[in-house]
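A closer look at the structure
The chain contents come next:
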Amino acid sequence: MAVSEEECSSAKSGPSSSSSASRYYLSKCVLRGSVVLQVLHAHIRSPSSNDIVFGKETSIELVVIEEDGNVQSVCDQPVFGTIKDLAILSWNEKFRARDPQLWGKDLLVATSDSGKLSLLTFCNEMHRFVSVTHVQISNPGNPMDLPGRKLAVDSSGCFIASSAYEDRLALFSMSMASGDIIDERIVYPSESEGTPSSSRSIHRTSIRGTIWSICFISQDSRQPSKEHNPVLAVIINRRGSLQNELLLLEWNVKAHKIFVISQYAEAGPLAYDIVEVPNAGGLAFLFRTGDVLLMDLRDRRNPSCVYKTNLNILPNALEEQTYVDDSCKLHDVDDERFNVAACALLELSDYDPMCIDSDNGGANSGYKYVCSWSWEPENNRDPRMIFCVDTGEFFMIEVIFDSEGPKVNLSECLYKGLPCKALLWVEGGYVAALVEMGDGVVLKLVDGRLCYTNPIQNIAPILDMAVVDYRDEKHGQMFACCGVAPEGSLRIIRNGINVESLHRTASIYQGITGTWTVRMKVTDLHHSFLVLSFVEETRILSVGLSFTDVTDSVGFQPNVCTLACGLVTDGLLVQIHQSTVKLCLPTKAAHSEGISLSSPICTSWSPDNVSISLGAVGHNFIVVSTSNPCFLFILGVRLLSAYQYEIYEMQHLVLQNELSCISIPGQEIEQKPSNSSISANNSNISFQSGVDINKTFVIGTHRPSVEIWFFEPGGGITVVACGTISLTNTIGTAISGCVPQDVRLVFVDKYYVLAGLRNGMLLRFEWPVEPCPSSSINMVDTALSSINLVNSVANAFDKRNDLPSMLQLIAIRRIGITPVFLVPLGDTLDADIIALSDRPWLLHSARHSLSYTSISFQPSTHVTPVCSVECPKGILFVAENSLHLVEMVHSKRLNMQKFHLDGTPRKVLYHDESKMLLVMRTELNCGTCLSDICCVDPLSGSVLSSFRLELGETGKSMELVRVGGEQVLVVGTSLSSGPAVMPSGEAESCKGRLLVLCLDHVQNSDSGSMTFCSKAGSSSKRTSPFHEIVTHAPEQLSSSSLGSSPDDNSSDGIKLDENEVWQFRLAYETKWQGVVFKICPYLDRYFLASAGNAFYVCGFPNDNPQKVRRYAMGRTHHMITSLSAHFTRIAVGDCRDGIILFSYHEEARKLEQLCCDPSRRLVADCILMDADTAVVSDRKGGIAILCSDHLEGMLELSLSLL
């Protein structure tokens, strides 16, 4: 956002009042644009760096493509204004040798609507681009006949050219001396040549007309010197001509004059772009609609075509697609001169970005054309280019030199995707392909084919969005409709915690099943080892400046899958795998505190004829469990002699319910009293006296339940607390998959238990304020019998009257659809926890209920904290078969989650009762259905139900309106395939429908019928605040990592409740004269609806959604494009006349016009901030704030949207 000086002065000098004088507005960019319009490759940060620059209209992003094809952002820097064009000024030691800061680095050349030509370099210390110099080349804004529209740079780095939209260009030469980097400049034609009297005489030998493309033509690439006059190729369209011409201009630097030395025009397709062939000394490709010409420009006065490639008979060409809609092109442009030039530049485009709201597509010319291209980097012999045609097909073209002259070889089709706005071929065989209205891709050239590797995210265009406090978490989330078919998607945008990437390995870690970090001593501040468990392997790396493999020096079994590991006491590490519990003493080769022997000392313990399924390692004890049969073993470690230890059984229990997870609490918080017993008198602390927290562990069972057990080495086992997990959906059906995947005991002011379930839920249990009677739980439900190797069987279970406590379920959240793992960031009970499901979340342990924040990192399978001297707060994520060492930083950023949807999503609403998203889609490819309204699960992106519109009908608007005690969806449609508005602004004579849809809660029965149920929230039982769907976890975890049993339905994935469905039901429909373009709720009992240039106040008589009555009607001169209401005030947006304020009188059922817009504007949308203030956006990118002055008029403050 920016406010120009003229607009500020006009706003200040206009009429004012006390209210308007005190109004101030702060604009803040929440999400920067993601559309990449320019992409360049250069050595920006250093002479050896391979950097990529993305030009994104209002920002410049510096990225690198890593060895595995991932795009890593280095810097994303906003700019003041709008970027017009970017280019790279290559390093040339003859011109910048005296500046040590620029040595060997390329410069970024940029033009913007500031009217300046800027040369930028990257400052590594400031981590941003800084200016080297600025040159004013035009007035601010978008003047038609002043340079700044396009850029071209000589391959030797000696000259820069910048052209206007039409009639003029400027050339600049680089300085060889100290001082200004630009020493000479010339504008062609000059002011004297541009006078009307002289323009007629030089019409055919000047550049009068629209400039389509410019390019320098090198004469001898081996002699980059200013001694040779630069030659510039220009493609120009003269007014009234149906053909474009190729002009060659020469700048006589010494004479300080520019001459047109030749021109070339050939009957045939339209030429639109020209690009120099690198290292060819005078060859260039001329792109035309339908073909590509290889031009020989070595004889500057006699240009000729030496080779022609026909694009309409490309090898392996796939079926051509149609995207054009000529009916929408630039109807809202009032400047006739701009209209002529811009139409000339856009005439070729079959995919006009201004046509995203059109309903029909016209036919294109039938000629294929090259829409993007890129040369192979560092190829000095036979230049090769990869280009994309408008059908999305990729080809490679190679220039070969032989005795007969240059020739061109064309490859087979390398890849078929979407038409690309820009291409960039970089080192390593990677190609960045950027799409204008969808996600770009990174491709890799492998064996003569381009293969997909990674996406490049692009959320534009955002067609609609809904900001809601999802789950009442006090954290607003944005649900946005992004992209157009076939790349339409639903994006969830939320605040997140930023992370700084410290190190990333290659993608060589396939099949990781677990990660742990282990200290050598309990009191160590830093971790010593990183343990990686694979399906059939375990590796141990030392933690430090470099992660070194020390598996053999630690003693862990290397050829097994580790289930758990940890430090049992100083210097003793424990590995638990399927058959054995192994105790190891590492050597000094692994750690400086290890034993002074050549190999580690190990001892082991194994259960008899049964396999271990789960385990956990605590201070001085180990807990393991088995399945089928179900046993629980509590093991201890004792010293026999020097370096000789023994693992022995302290307790051996037979379980009725198999365990799903085990965790041992961390260290007690330092602020707590030194004694480990917990007083019962403190109401905030729920353990009873005599319970040592250092002898407790937490389990999750397949019952399902979470339980806290306490054991005494010389006594029995006490069940301290138990919480049964019994969740039902809104219709009372039990939710499946509620088996705990991970459990943790937390203490912040009071104790509570966190449980992550296998269906993606996160639960919080707390101790009751009043203790529950012990009869509420039967202790033998989990443990049927026990064998105590120290005492008798009778004392194995310590039955106390005040235990166990019944845990109360305090909060429920669904954070994903895959199992939830809980990983504390520290060893204390108050440490924050990473909750890992579909994506990572930071769970704030000190907050009430469940409070978590999205971590700005990609979906990961495993995570563990890594604390070292160099990185005390490191976190290691496993994602895409790579290890990522990151550190959370004290800054926030926006995180995005993408769900692909068929068609183009146009409108999104959040339905609070069902916790679902209602999305209107168009351009569907579902037989005769072109548009529908669908119900989407915000967690998985699954389309749960859909209401399809009639044949040829297109959805235009929808809003949720309250009718009595329920909400209905009011939908407006168009029954015509043509545009809704004429170029004059008047509404087309077409019809539309007004629909009222009810969202009913139904249940699938076994017979296939559906049973209608009461609305959400009516049940008195404890119900989950979310809707269930049928899906499966995208990653199939092994049974050992899940700790699942053969009888568990969720052992192979997460199957959610399939009995609960929300369905649309049509309650009312009627046809209106005109497209029902806008709908807006009004006064909680009415709604506003527009059709053509009329709008109506409508309501539901007797709160019956099956009847709609129109109470009043208002009209405007032109098509109504927006409706907004605030209490009784109504703002109507006329697409030509601006905003008009109305008020509705209920008694008289009449609309009263209050005031009008002070100026005419092309209204795109409007919102009423209060009864007297409206914010209006127009179709030229401007924003205006209109304030009514006691209904006597309007004051305007105009803002320019940059």
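Residues numbered from 1 in each chain as written. Predicted model: local features only at pLDDT ≥ 70, side-chain atom pairs only at ≥ 80, totals over all residues. Heavy atoms only, no water.

Describing the overall build of the chain
- In terms of regular secondary structure, the chain is built from 7 helices and 81 strands.
- Counting all 1202 residues of the chain, 56% fall into the buried class.
- Summarising the internal contacts of the chain: among those between residues at least 6 apart in sequence, 54% fall at separations of at least 24.
- Roughly 50600 Å² of accessible area belongs to the chain as shown, and the carbon and sulfur atoms make up 48% of that amount. (Helix = DSSP H or I, 4+ residues; strand = E, 2+ residues; numbered from the N terminus. Buried < 20%, exposed > 50% of the residue type's maximum accessible area, 1.4 Å probe, protein only. Contact = heavy atoms within 4.5 Å. Areas by Shrake-Rupley, 256 points an atom, 1.4 Å probe, with all protein chains shown as cover.)

Brief notes about the pairing of strand 79 (residues 1173-1178)
- Alignment of strand 78 (residues 1163-1170) against strand 79, held across 6 bridges, turns out to be antiparallel. Looking across to strand 79, one finds that Val1163 is bridged to Asp1178.
- Hairpin remark: strand 78 followed by strand 79, antiparallel, with 2 residues in the connecting loop.
- Judged from the 5 bridges that link them, strand 79 and strand 80 (residues 1182-1188) form a sheet pairing that is antiparallel. Bridge assignment links Ser1177 to a residue of strand 80, and that residue is Ile1183. (Pairing = 2+ DSSP bridges.)

So, the nonpolar core
- Counting residues in hydrophobic clusters, the biggest one holds 40 residues, and the most contacted among them are Ile274, Val277, Phe285, Phe287, Met385 and Phe387.
- When residues of this core are assigned to their parent elements, the largest contribution, 5 residues, is made by strand 18 (residues 283-288).
- Other than its neighbours up to four places away in sequence, Phe287 contacts Leu270, Ala271, Tyr272, Asp273, Val275, Val292, Val370, Trp373 and Met385. (Core = buried A, V, L, I, M, F, W, Y, C linked by side-chain atoms within 4.5 Å.)

Quick look at the packing of aromatic side chains
- Within this structure, the stated rule accounts for 26 aromatic pairs.
- When the ring of Phe285 is compared with that of Trp375, the centres are 5.9 Å apart and the planes differ by 20 degrees; the resulting orientation is stacked. Of the two residues, Phe285 is situated in strand 18 and Trp375 in strand 21 (residues 370-375); the sequence distance between them amounts to 90 residues.
- For Phe285, a relative accessible area of 1% gives the class buried.
- Pairing Phe857 with Phe877 gives two aromatic rings, centres 4.6 Å apart and planes at 20 degrees, and the pair type is stacked. Taken as a pair, Phe857 in the loop between strand 57 (852-855) and strand 58 (862-866) and Phe877 in strand 59 (residues 874-879) lie far apart in primary sequence, 20 residues in all. Of the two residues, Phe857 and Phe877, both sit in the buried class.
- In this structure an aromatic cluster arises from ring pairing among Tyr272, Phe287, Tyr369 and Trp373.
- The residue whose ring lies beneath Arg1110 is Trp1072, and the NZ or CZ to ring-centre distance is 5.0 Å. (Phe/Tyr/Trp six-rings, centres within 6.5 Å; stacked < 30°, edge-to-face > 60°. Lys NZ or Arg CZ within 6 Å of the ring centre and 35° of its normal.)

With respect to the side chain of Thr309
- Here Thr309 lies in strand 20 (residues 304-310).
- The residues touching Thr309, leaving out its near neighbours within four places in the chain, are Gly290, Asp291, Val292, Ile397, Val408 and Leu410.

Comments concerning the sheet that holds strand 29 (residues 449-456)
- An order of 26-27-28-29 is seen for the 4 strands of this open sheet, with the pairing classed as antiparallel. The open sheet is flanked by strand 26 (422-425) and strand 29, the only strands paired with a single partner. Between one strand and the next, the sheet's axes are offset by a mean angle of 25 degrees, whatever the strand orientation.
- Direction of pairing for strand 27 (residues 430-434) relative to strand 28 (residues 440-446): antiparallel, over a ladder of 4 bridges. Note that in strand 28 the partner of Tyr430 across the bridge is Lys444. (Axes fitted to C-alpha atoms, helices over the stretch in contact; angles between N-to-C directions.)

What about the pairing of strand 38 (residues 581-585)?
- Burial within strand 38 is extensive, with 5 of its 5 residues counted as buried.
- Examined bridge by bridge, strand 37 (residues 572-577) and strand 38 share 4 bridges and lie antiparallel to one another. Paired with Leu573 across the strands is Cys584, a residue of strand 38.
- In this antiparallel pair of consecutive strands, strand 37 and strand 38, the connection spans 3 residues.
- Pairing of strand 38 with strand 39 (residues 601-605) involves 5 bridges; the strand directions are antiparallel.

Description of the confidence of the model for the chain
- Within the chain, residue pLDDT values average 80, and 79% of them lie at 70 or more.
- Here helix 7 (residues 1039-1042) is the element of the chain with the lowest mean pLDDT, 28, and strand 54 (residues 821-824) is the one with the highest, 96.
- Counted against residues more than four places away or in other chains, residues 671-686, with its pLDDT under 50, gives 29 contacts.
- Considering only residues more than four positions removed or in separate chains, one finds that residues 1197-1202, a stretch of pLDDT under 50, has 29 contacts. (pLDDT = per-residue confidence, 0-100.)

Examining the pattern of salt bridges
- All chains considered together, the criterion is met by 40 salt bridges.
- The partner of Lys907 in a salt bridge is Asp464, and the shortest N-O contact between them spans 3.9 Å. Taken together, the residues Lys907 in strand 61 (residues 904-911) and Asp464 in strand 30 (residues 462-469) connect sequence positions 443 residues apart. Asp464 shares its class with Lys907; the two are buried.
- One salt bridge in this structure joins Arg539 and Asp549, with 3.5 Å as the shortest N-O distance. Of this pair, Arg539 sits in strand 35 (residues 538-542) while Asp549 sits in the loop between strand 35 and helix 6 (551-554), and the two are 10 residues apart along the sequence.
- Accessibility expressed as a relative area gives 23% for Arg539, which makes it partly exposed. (Salt bridge = Lys/Arg side-chain N within 4 Å of Asp/Glu carboxyl O.)

Some details on the environment of Leu960
- For Leu960, the location among the structural elements is in strand 65 (residues 954-963).
- We classify Leu960 as buried; its relative accessible area is 14%.
- Between the C-alpha atoms of Leu960 and Phe1087, which are 127 residues apart in sequence, the distance is 9.5 Å.
- Other than its neighbours up to four places away in sequence, Leu960 contacts Leu909, Tyr910, His911, Leu918, Gln967, Val968, Leu969 and Pro1081.

A look at the environment of Leu89
- For Leu89, the position within the fold is in strand 5 (residues 83-89).
- With relative accessibility at 0%, the residue Leu89 sits in the buried group.
- The sequence separation of Leu89 and Ser156 amounts to 67 residues, and the corresponding C-alpha distance is 8.4 Å.

Considering unusual backbone geometry
- Between Ala460 and the following residue, Pro461, the backbone shows a cis peptide bond with an omega angle of -5 degrees.
- Mapping Pro461 onto the fold places it in the loop between strand 29 and strand 30.
- Between Ala485 and the following residue, Pro486, the backbone shows a cis peptide bond with an omega angle of 5 degrees.
- Looking at where Pro486 falls in the secondary structure, it is placed in the loop between strand 31 (476-482) and strand 32 (489-504).
- The residue Asp447 is not glycine, and still its phi comes out positive at about 50 degrees.
- Looking at where Asp447 falls in the secondary structure, it is placed in the loop between strand 28 and strand 29.
- For Arg1149, which is not a glycine, the phi torsion comes out positive at approximately 55 degrees.
- Structurally, Arg1149 can be placed in the loop between strand 76 (1138-1145) and strand 77 (1150-1156).

Quick word on the environment of Phe285
- Sequence separation between Phe285 and Lys308 is 23 residues, and the spatial gap between their C-alpha atoms is 9.6 Å.
- Among all residues touching Phe285, those that are not within four sequence positions of it are Asp273, Ile274, Val275, Val277, Val292, Leu293, Leu294, Trp375, Met385, Ile397, Val399 and Val408.

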